[in-house]
Amino acid sequence: MTRNEARATEIAVLTLQRQLEQDARLHAEVQRARRQFFGVEGADARDRRGASASGEHRFAEWFVLERDSEVLGAVPAEVPALAAQVVDLLGSTVGVFLVTLAGAKGVEARDLQDDELLELVVPPETLRFGDLLVGRLFALDSGQWIPSSSSAVFRPGEEIGRAFQRDLARLDLGRRLQQVEIEHLLLRRADQTPSPTAAVV
């Protein structure tokens, strides 16, 4: 696995997002979605406060892969005329994942929303036991998962993970949280580090 593979998913999402933003029919909807994702103040002031590239990419993932569009009548990635551009990204999942194994035998993380154990493909030594990976995972043909380059890592993450599970149990939603909800719950925190698949500069 290389960071190039993660970059390819990022480019596919951002390309479709840009295409959608150029569609005049979607202009007002995109603005409403930005306010929902970033908050009113964040959406309007993102250039002044320097909104992170990761946050912008997470918005694009949510808008393209998860959010039902009022204008299009479906999630953009599921609209037949658009789906071919991101077909390899369908089946992704967003969540909070606690690293339970990291080393020579690979990297595994437990999905804190459904307790499923997932095998992650990341560059060597980028994740440690007890790290909390928050964001979107993309499925590979091998049955493994690659984190989005805009995911975040909390180190150590076990305490945050336990608090997340308590909050989730209290909410008793009966469904997975969406990316926008996870953004509001965890990804506005300052104590995060970049995704293991983020480009090294």
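About the cut-offs
- Residues numbered from 1 in each chain as written.
- Predicted model: local features only at pLDDT ≥ 70, side-chain atom pairs only at ≥ 80, totals over all residues.
- Heavy atoms only, no water.
- Helix = DSSP H or I, 4+ residues; strand = E, 2+ residues; numbered from the N terminus.
- Buried < 20%, exposed > 50% of the residue type's maximum accessible area, 1.4 Å probe, protein only.
- Contact = heavy atoms within 4.5 Å.
- Polar contact = N/O pair within 3.5 Å; in protein donor to acceptor, adjacent residues only side chain to side chain.
- pLDDT = per-residue confidence, 0-100.
- Pairing = 2+ DSSP bridges.
- Phe/Tyr/Trp six-rings, centres within 6.5 Å; stacked < 30°, edge-to-face > 60°.
- Lys NZ or Arg CZ within 6 Å of the ring centre and 35° of its normal.
- Axes fitted to C-alpha atoms, helices over the stretch in contact; angles between N-to-C directions.
- Parallel < 35°, antiparallel > 145°, perpendicular 65-115°, else oblique.
- Left-handed = near helix turned anticlockwise from the far one by under 90°.
- Nonpolar A, V, L, I, M, F, W, Y, C, P; charged D, E, K, R; others polar.

Caption draft 1: Fine view of the environment of Arg25. Residue placement: Arg25 occurs in the loop between helix H1 (3-21) and helix H2 (27-38). Given a relative accessible area of 55%, Arg25 falls into the exposed group. In sequence terms Arg25 and Leu72 are 47 residues apart; their C-alpha atoms lie 9.2 Å from each other. If we skip the residues at most four places from it in the chain, Arg25 touches Val71 and Leu72. A polar atom in the side chain of Arg25 sits 2.7 Å from the side chain of Asp23.

Caption draft 2: Just the confidence of the model for the protein, in detail. On average, the protein scores 88 in pLDDT, and the residues at 70 or more come to 91%. Within the model, the stretch residues 45-50 combines pLDDT values under 50 with five contacts to residues more than four positions away or in other chains.

Caption draft 3: Examining the side chain of Thr93 more closely. Position of Thr93 relative to the elements: it lies in strand S1 (residues 93-103). Discounting residues that sit within four places of it in the chain, Thr93 has contacts with Gly135, Arg136, Leu137, Trp145 and Arg176.

Caption draft 4: Representation of the pairing of strand S4 (residues 132-139) in the model. Where burial is concerned, most of S4 is hidden: seven out of the eight residues are buried. Of the pairings in the sheet, the one linking S1 to S4 comprises six bridges and is antiparallel in character. Bridged to Thr93 within S4 is Leu137. Looking at chain direction, S4 and strand S6 (residues 152-154) are connected through three bridges and run antiparallel. Residue pairing in the sheet places Val134 in a bridge with Ala152 of S6. Linking S4 to strand S5 (residues 145-147), which pair antiparallel, is a turn of five residues; within it Gly143 sits at a positive phi near 90°.

Caption draft 5: Highlighting the packing of aromatic side chains. Considering all chains together, one arrives at six aromatic pairs under this definition. Consider the rings of Phe59 and Trp62, whose centres lie 6.1 Å apart with planes at 55°: the pair is tilted. Of this pair, Phe59 and Trp62 are both found in helix H4 (residues 53-65), three residues apart, which corresponds to roughly one turn of the helix. Classification of Phe59 by relative accessible area gives buried; the value is 1%. We classify Trp62 as buried; its relative accessible area is 1%. Among the aromatic residues, those joined into a ring-pair cluster are Phe37, Phe38, Phe59, Trp62 and Phe63. A cation sits over an aromatic face here: Arg34 above Phe59, 4.9 Å from the ring centre.

Caption draft 6: Up close: the packing of H2 against H4. Two numbers describe how H2 lies on H4: the axes approach to 11 Å, and their chain directions differ by 120°. Relative to H4, the element H2 is oriented oblique. Between H2 and H4 lies a crossing of right-handed hand. Residues Glu29, Val30, Ala33, Arg34, Gln36, Phe37 and Phe38 of H2 lie in contact with H4, whose contacting residues are Gly55, Glu56, Arg58, Phe59, Trp62 and Phe63. Partitioning the contact of H2 with H4 into residue classes produces seven nonpolar, two polar and four charged.

Caption draft 7: Local environment of unusual backbone geometry. Here the bond from Arg155 into Pro156 is cis, since omega is -10°, no more than 30 degrees from zero. In this model, Glu125 sits at a positive phi of 65°, which is unusual for a non-glycine residue. Residue position: Glu125 is located in the loop between strand S3 (117-120) and S4. Residue Glu125 is classed as exposed on the basis of its relative accessible area, which comes to 80%. Even without being glycine, Asp172 reaches a positive phi, approximately 50°. Within the secondary structure, Asp172 is located in the loop between helix H6 (158-171) and helix H7 (179-185).

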